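Analysis of the macromolecular model
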Amino acid sequence: MKKIIPLILLLAFTATATQAQIFKKKEKTIKKEYNIGTIPVINNKVTFEEVIPAEGLNAKEVEQAVNEWMGERFVKPTVIGFKRYEEGGPGTIIAKSEEYIVFKKKFFVLNQSRITYFLTITCEDGKCKFNMSRITYWWDEEADDGGMKMTAEECITDEEAIDKKGRLRRFNGKFRTKTIDLKNTLVQQLKDKLSTVK
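The structure displayed is predicted, hence computed values, not measured ones.

1. Observations concerning helix H2 (residues 59-73)
An ideal rise of 1.5 Å per residue puts 21 Å on 15 residues; H2 measures up with 21 Å between its terminal C-alpha atoms. Taken residue by residue, H2 has Val62, Ala65, Val66, Trp69, Met70 and Arg73 as its buried positions. Around the axis of H2, the buried residues are gathered within 140° of arc, so they sit on the same side. Structural note: H2 exposes Lys60, Gly71 and Glu72 on the side pointing more than 90 degrees away from its buried face.

2. Topic: the side chain of Thr179
Locating Thr179 in the fold gives a position in helix H5 (residues 170-196). On the accessibility criterion, Thr179 (0% relative accessible area) is buried. Residues in contact with Thr179, not counting those within four places in the same chain, are Phe48, Ile115, Ile135, Tyr137 and Ile156.

3. Quick notes on the packing of H2 against H5
Packing of H2 against H5 brings their axes to within 10 Å, and their N-to-C directions diverge by 130°. Judged on the interaxial angle alone, H5 and H2 are oblique. The crossing of H2 and H5 is right-handed. Across the interface between the two elements, Val62, Ala65, Val66, Glu68, Trp69, Glu72 and Arg73 from H2 touch Leu182, Leu186, Gln189, Leu190, Lys193 and Leu194 from H5.

4. A closer look at the pattern of salt bridges
Side-chain pairs of opposite charge can arise where the charged atoms are in close proximity. Tallying each qualifying case throughout the model produces eleven salt bridges. With its nearest N and O atoms 3.0 Å apart, the salt bridge here joins Glu98 to Arg114. Taken together, the residues Glu98 in strand E5 (residues 92-106) and Arg114 in strand E6 (residues 109-124) connect sequence positions 16 residues apart. Lys129 is paired through a salt bridge with Glu124; the nearest N and O atoms lie 3.3 Å apart. Residue classification places Glu124 among the partly exposed residues on the basis of a relative accessible area of 24%. Several salt bridges share partner residues, and in doing so they unite Glu50, Lys183 and Lys191 into one network.

5. Considerations on the confidence of the model for the protein chain
Segments scoring low in pLDDT should not have their predicted coordinates read at a detailed level. Residue-level pLDDT values for the protein chain average 88, and 86% of them are 70 or greater. Confidence drops under a pLDDT of 50 for residues 17-27, and excluding neighbours within four residues, the segment shows one contact in the predicted structure.

6. Some details on a negative patch on the surface
On the surface, a cluster of negative charge is contributed by Asp140, Glu142, Asp144 and Asp145. Positionally, Asp145 belongs in the loop between strand E7 (127-139) and strand E8 (148-151).

7. Structural notes on unusual backbone geometry
Cis peptide bonds are those with omega within 30 degrees of zero, and the linkage from Lys76 to Pro77 qualifies with 5°. Tracing the backbone through its elements, the reader meets Pro77 in the loop between H2 and strand E4 (79-85). Of note in the backbone geometry, Asn43 takes a positive phi value of approximately 50° without being a glycine. Here Asn43 shows up in the loop between strand E1 (41-42) and strand E2 (45-46). The class for Asn43 is exposed, based on a relative accessible area of 71%. With a phi angle near 60°, Asp140 is a residue other than glycine that sits in the positive phi range. By the element assignment, Asp140 lies in the loop between E7 and E8. Residue class for Asp140 comes out partly exposed when judged on its relative accessible area of 38%.

Basis of the calculations
- Residues numbered from 1 in each chain as written.
- Predicted model: local features only at pLDDT ≥ 70, side-chain atom pairs only at ≥ 80, totals over all residues.
- Heavy atoms only, no water.
- Helix = DSSP H or I, 4+ residues; strand = E, 2+ residues; numbered from the N terminus.
- Expected span 1.5 Å × (residues − 1).
- Buried < 20%, exposed > 50% of the residue type's maximum accessible area, 1.4 Å probe, protein only.
- Arc of directions from axis to C-beta.
- Contact = heavy atoms within 4.5 Å.
- Axes fitted to C-alpha atoms, helices over the stretch in contact; angles between N-to-C directions.
- Parallel < 35°, antiparallel > 145°, perpendicular 65-115°, else oblique.
- Left-handed = near helix turned anticlockwise from the far one by under 90°.
- Salt bridge = Lys/Arg side-chain N within 4 Å of Asp/Glu carboxyl O.
- pLDDT = per-residue confidence, 0-100.
- Patch = residues over 30% accessible without salt bridge, like charges linked within 9 Å, V, L, I, M, F, W, Y side chains within 5 Å.
- Areas by Shrake-Rupley, 256 points an atom, 1.4 Å probe, with all protein chains shown as cover.
- Lys, Arg positive; Asp, Glu negative; His and termini not counted.
- Charge placed at Lys NZ, Arg CZ, Asp CG, Glu CD.

Structural data, given as structure tokens:
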């Protein structure tokens, strides 16, 4: 019995130390795609901008492909609401989308938030300019108090989402990562659409 007790204590200590080490590593590491500088702020507003190539296509063909992509992408159940605006002018498409970003989805557990954002896509010969801005969130909308509404500026910037030790804050960090993931998905989908146009 005397020999068994030290062995049990040693195993317990090893397991605790290993768990602490794993937790420590996980806590400190931020993937480079979510790290400092990955949320661009232009005129005090979070604004993602990207130029997407469309080789061999003229502006009208690019615009047609963008319209087709929007018709395929922004439909229920992917989105809650989608609206296009006419004031963009020739070659410029302005739209507003509202959908969900999902943080955790398991049996009996669904942790998500509404996200609303505006897209402005300018179509030119051989390319289009992608702009995603005016991003807002509505978290925990079913709560008795109506949940929490936030802007991207209040939630996902470097100052709001990364602490002094360079770690992602738990609450803000999940909004930051999911917003970047959404932007990257939209850009990649649009690239894929433009690359398939003959």
